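Tertiary structure, described
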Amino acid sequence: MIKSTIEKSRKIHPLKLKTKQTLVAYSFLTIPLLFFLCIRIFPTLYSFSMSFSPQYGVGFTVENYQKLFKDHFFWQAVWNTLKYVIITVPIQMALGLLLALAIKRIQHFRWFYRMIYFLPYITSIVAVSWVWRLMFDPNTGFLNAFFGILHIPPQNWLSDPKEALLCISTVMIWQSMGFSMLIFMAGLEGIPKHLYEAAQIDGAGKGKMFWKITLPLLNPTIVFLAVTGVIQALQTFTQIQNLTAGSGSNAGGPLHCTISIVVYMYQNAFQDFNMQYASAVAVVLFIFILLVTLLQLRVLNKNIEY
Amino acid sequence: MKKTCIKLLLVIMAFSLVALAGCSNSDNSSSSNGSKSKKQVTITYWQYTFPAKVSEIKNLIQKFEAENPNITVVAQDFPYDQYNQKVAAAMHAGKGPDILNLYYGWLPQYVKQNYLQPIPKDLLTTSEIESYFVPMIKASKINGKYYTLPIAVRSLALFYNKDMFKKAGLDPNSPPKTWNELIQDAKKMTKRDANGKLQQEGFAWDVNGQGYHAFEEVLLRQWGIEPFSKDGKKVQWNTSHGLNAFTYWINMEKKEKVGEPNFLTDYNTAFKAGKAGIIIDGSFDIAAIRDAAKFNWGVTTLPVREVGGLESNFGSYWTNGIAKGVTGEKLAASDKFIKFLISAETQKEWLKNVGEIPAAVSFANDKTISNDPIYGPFVQGLKNSHATFFVDEAKERDSMSSQIDKILLNNESIDKTFNSLIKEQQQIRDDYFQNN
């Protein structure tokens, strides 16, 4: 039936193949677009408007933002989140690059190493966090048992306010360095071999080749990893929730020393039922991510041509 | 061209209709149920996932539906950690249940958020409620109204591992009677390895579980302090006695080192694993401990300050309320279900299968319950039970546990932290009453 109607319409208004294809493409795009509007855009706008509403009653207010700027815990969450970014992003990229370079040199079982280091990234964050949580346990955990053999005094790990943030960062680094490694490996493949050959003929050493050829030509890869890594670190939630919450205590402990902006937002929305205040936190986080990303693109995105 | 455009539009509309139909699925199903037999009413009941309660509610619903063939009750349960979020999200979206089961300490927040409607007068009036239930439930009277009714109440007692008592050279049939005895016994059962790591704890000292209730309603009262003013507005521990009680409690962990709050994740896991000698816990854990414990254990009443001294206990309960916005037939059905839940018969069955003690005052002198070696201590504790009037249970607990972390993890002084703790607790109450 459809065929016949199409044929009829063709007789009346002959339609170019290209136009027809475009129309089909648009119709296919409409559905995801509708979905995107309902699931992403509308809630985002709704959250913006909610952040300017009072918790009880209706009307326009900037109360939520005023409270936010005076909120000691919010600033602690911001500071912690920055610490997560500063600690995890450079280290996971550096380790990823090291791994990529090491694997590039290996002749045999390259696939095996690639798989081993990439495995954490594709494992569920919740599962990974719980395994680490058990290893970090001060009394029954593997890490303290290992320290015992080496005669190092046991540590409190996640229950020590000075160590907890570093412990969580370690888990994050361990998990995402495999991803950096994979992207760096692809980046390394893209560097033309003849540059190295030419450098070798000119008598350049290994270190010089790395700093003058490899690193500059990896710039687009570095930009990509830095931007995605920073956004991911700014949005940290799952690891903190699973490593620190439970048995009656809230995520982000002990003493709020591991709380991140997203965890704080979540607690305001779903434990204190203050959706309006939580929306204000979300809006501030959105602005943070926007600014940081723009800044990174400006600073890191230099074109290097050889 | 025009026709193709129209066709495309039709396709899009058809798709969006399907999508919309998907969104409003739940409404459709209930209305189609209604058309089958005209008077059929479906109500939903939400509770958190506590296995014994979930299966008991299922049985009760079967019984209720047999008695009321025109009412269908759908019970849903969610993990404890997510329960409040689930309720918040559903209520804000207008997709909440008809009847909610909630911890009595959450009630002020639920009422403030407008999730609940007062118990209808034709179900039970305020004075009928007060004469039917034990006096403890007065803690859920808000602005002179009751919003929820419990099936059962709970009190605290000591669970102790008789095998561990024996191994440490203690008499397994004379558990500690005073707090000092508890500390002495616990010290004998605490074992650490050469590196100082805990291998077995004598007393599972904790804050987040039942520990802070034991402090507020047991220790403070035994040290001569009424923890909060009658109207719930004032924190009253700001005295030297309060500080003494607090110091005594903290020092069980800090000085006597009888246990650690996070040993084997939490106090009842440690006990079930046979690695904790004594814990403070509620009757609701009896079933779980009976299933898990592979050793001899017993229950006794909470310790006192000195022999013959004041006995005190913390009472608490989970309670059932009807959601705001439930009207007409659904409201009538919800009324009926709640009436069924609070009936004496249900309460008796609840004790047998869940382990919580009946909330109706008529059971207070039931000898078959109070003479039971396991339930007895809880029933005895119920006589001196106080249910704390929380304004924001989660916040109050969090404040308590963070302030104590300052002492235990950051080595801050007990007196200074005590003062900031009182200030914080008072602030939480001030904030609540200011907005109400």
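Residues numbered from 1 in each chain as written. Chains lettered and ligands numbered in written order. Predicted model: local features only at pLDDT ≥ 70, side-chain atom pairs only at ≥ 80, totals over all residues. Heavy atoms only, no water.

1. Some words on empty space enclosed by the protein
Residue and element names in this part refer to chain B. The following threshold applies: Think of a 1 Å grid over just the protein atoms. A cavity is a set of points where a 1.4 Å probe fits yet cannot get out, a pocket is an open set with protein on both sides within 12 Å along at least five of seven lines, and lining residues have an atom within 4 Å of a point. Grid points are joined across faces, edges and corners, and a volume is the space filled by probe spheres set on the points. Working definition: helices are DSSP H or I runs of at least four residues, strands are E runs of at least two. Numbering for both runs from the N terminus. In this classification, Asp, Glu, Lys and Arg are treated as charged, Ala, Val, Leu, Ile, Met, Phe, Trp, Tyr, Cys and Pro as nonpolar, and every other residue, Gly included, as polar.
Enumeration according to the criterion identifies three cavities of 30 Å³ or more in this entry. Considered as a void within the structure, the largest cavity measures approximately 90 Å³ in volume. Forming the boundary of the largest cavity are 13 residues, of which Phe-203, Asp-206, Gly-211, Trp-249 and Ile-280 lie nearest the centre. Here the lining of the largest cavity gets three residues from one element, more than from any other, and that element is helix H9 (residues 211-222). Here the lining of the largest cavity is composed, by residue class, of 10 nonpolar, two polar and one charged. Empty space within the second largest cavity amounts to approximately 70 Å³. Considering the residues around the second largest cavity, the lining is formed by Leu-156, Thr-301, Leu-302, Glu-311, Ser-312, Asn-313, Pro-377, Gly-381 and Asn-384.

2. Some points on unusual backbone geometry
Residue Trp-157 of chain A is not a glycine yet carries a positive backbone phi of 45°. Relative to the helices and strands, Trp-157 of chain A resides in the loop between helix H7 (142-149) and helix H8 (164-189). The phi dihedral of Thr-265 of chain B falls on the positive side, at around 65°, and the residue is not glycine. Structurally, the position occupied by Thr-265 of chain B is in the loop between helix H10 (240-254) and helix H11 (267-272).

3. Let's talk about the domain arrangement of chain A
Interfaces are often sized by the amount of accessible area the parts lose when they come together. Residues and elements named next belong to chain A. The criterion, for reference: Domain delimitation follows an automatic or database domain assignment. Whether two residues are in contact is decided by their heavy atoms, any of which lying within 4.5 Å being enough. Here the quantity called buried area is the total loss of accessible area, with a 1.4 Å probe, experienced by two parts when brought into contact, counted for both. Within this document, salt bridges are pairs made up of a side-chain nitrogen of Lys or Arg and a carboxyl oxygen of Asp or Glu, the two lying within 4 Å of each other. Under the rule applied, a polar contact is a pair of N or O atoms within 3.5 Å (in protein, one hydrogen donor and one hydrogen acceptor; residues adjacent in sequence only if both atoms are side-chain atoms).
Under the domain assignment, chain A is made up of domain 1 (2-51) and domain 2 (71-300). The distance between the C-alpha centroids of domain 1 and domain 2 comes to 39 Å. On the domain 2 side, the residues contacting the four residues of domain 1 number six residues. Counting the surface lost from both domain 1 and domain 2, the interface buries some 480 Å², and carbon and sulfur atoms represent 74% of this. It is Phe-48, Met-50 and Ser-51 in domain 1 that bury the most area against domain 2; as a group they hold 83% of the surface buried on that side. If you look at where domain 1 meets domain 2, you find zero salt bridges. Where domain 1 touches domain 2, the interface holds zero residue pairs in polar contact (both at pLDDT 80 or more). Counted by class, the side of domain 1 that touches domain 2 contains two nonpolar, two polar and no charged residues.

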